[in-house]
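The residues making up each chain are set out below.
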Amino acid sequence: MSTVNFKGQPVRVDGGFPAPGHQASAFRLVGGDLSDVTLANHAGKRKVLNIFPSVDTGVCATSVRRFNELAAGLNNAVVLCISADLPFAQGRFCGAEGIKNVQMLSLMRGREFLADYGVAIAEGPLAGVAARAVVVLDEHDKVIHAELVDEITHEPNYDAALKALG
């Protein structure tokens with residue numbers, strides 16, 4: 001269990017947030033074409049997990065746009081943007097914004113991800129969605145960077161995530 005803030009008010013976040021050096025938990029989430037997408041689908045690649053509540057909020061949308069820009073320059077790496085939004089809403093956002101360098105994934109059939117990655121907001125107005133976090137994995141799915149953003153309305157540290165990729 002952790003605590004983050006939403007507009008300055010503390011909220012409980014359940015689950016165990018992954019620490020650098022730990023092996024990432026397997027997951028099964030939903031891609032834009034409604035297919036199941038697993039961690040294994042990206043075997044051998046470095047992965048940036050951009051985790052956030054909903055693409056329909058300003059800060060979340062900004063993080064997707066920023067990681068989309070950054071992803072264009074990455075080698076052997078993929079950026080996975082993970083939220084509670086349905087794939088249809090994610091697709092509309094990406095189409096309207098010209099987002100092509102990240103993969104959007106929905107928690108639609110993968111709610112266990114919230115607890116497995118320690119991002120399950122357990123109370124307050126956002127209970128039931130993901131807290132804002134960035135987890136970077138190496139080619140073997142070992143955690144090399146992990147940031148649970150202390151204020152949900154703030155952007156993650158993009159520079160720290162990129163630095164972890166080397």
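Refer to the structure above for everything that follows.
Just so it is clear, the model here is predicted, and its values are computed rather than measured.

Calculation rules
- Residues numbered from 1 in each chain as written.
- Predicted model: local features only at pLDDT ≥ 70, side-chain atom pairs only at ≥ 80, totals over all residues.
- Heavy atoms only, no water.
- Phe/Tyr/Trp six-rings, centres within 6.5 Å; stacked < 30°, edge-to-face > 60°.
- Helix = DSSP H or I, 4+ residues; strand = E, 2+ residues; numbered from the N terminus.
- Buried < 20%, exposed > 50% of the residue type's maximum accessible area, 1.4 Å probe, protein only.
- Salt bridge = Lys/Arg side-chain N within 4 Å of Asp/Glu carboxyl O.
- Patch = residues over 30% accessible without salt bridge, like charges linked within 9 Å, V, L, I, M, F, W, Y side chains within 5 Å.
- Areas by Shrake-Rupley, 256 points an atom, 1.4 Å probe, with all protein chains shown as cover.
- Core = buried A, V, L, I, M, F, W, Y, C linked by side-chain atoms within 4.5 Å.
- Contact = heavy atoms within 4.5 Å.
- Expected span 1.5 Å × (residues − 1).

**Focus on the packing of aromatic side chains**
Overall, the coordinates contain 4 aromatic pairs when judged by the stated rule. Ring geometry for F27 and F113: centres 5.5 Å apart, planes at 85 degrees, overall edge-to-face. Here the residue F27 occupies a position in the loop between β2 (9-14) and β3 (28-30), and F113 occupies one in helix α3 (residues 112-116), the gap between them amounting to 86 residues. We classify F113 as buried; its relative accessible area is 2%. Grouping aromatic residues by their ring pairs yields a cluster made of F27, F113 and Y117.

**Structural notes on the pattern of salt bridges**
Summed over all chains, the structure comprises 7 salt bridges. Residues D14 and R12 are paired through a salt bridge, measuring 2.8 Å at the closest nitrogen-oxygen approach. Between E97 and R65 there is a salt bridge, with the nearest N and O atoms lying 2.8 Å from each other. With a gap of 32 residues between them, E97 in helix α2 (residues 87-97) and R65 in helix α1 (residues 58-71) connect regions that are remote in the sequence. Judged by relative accessible area, E97 falls into the partly exposed class, the value being 36%. A network of salt bridges, in which partner residues are shared, links R12, D14 and E123.

**Quick word on a nonpolar patch on the surface**
A cluster of nonpolar side chains, namely L34, L86, F88 and M108, defines an oily patch on the protein surface of about 340 Å² accessible area. Its place among the elements puts L86 in the loop between β6 (77-83) and α2. Given a relative accessible area of 42%, L86 falls into the partly exposed group.

**Here's the deal with the nonpolar core**
One recurring pattern in soluble globular proteins is that nonpolar side chains are buried together. Grouped together as the largest cluster of nonpolar side chains are 31 residues, with contacts concentrated most on F27, L49, I51, I82, F113, Y117 and V119. Elements represented by at least two residues in this core include exactly β1 (2-6), β2, β5 (46-51), β6, α3, β8 (120-121), β9 (133-137) and β10 (143-148). If we skip the residues at most four places from it in the chain, I82 touches L29, L49, N50, I51, F52, L105, L107 and F113.

**Examining α1**
Its 14 residues give α1 an end-to-end C-alpha distance of 20 Å, which sits within 8% of 20 Å, the value for a rise of 1.5 Å per residue. Inspection of α1 places C60, A61, S63, V64, F67, N68, L70 and A71 among the buried residues, and these make up the whole buried set. Along its buried surface, α1 packs onto β5, β6, α2, β7 (103-106), β9 and α4 (158-164).

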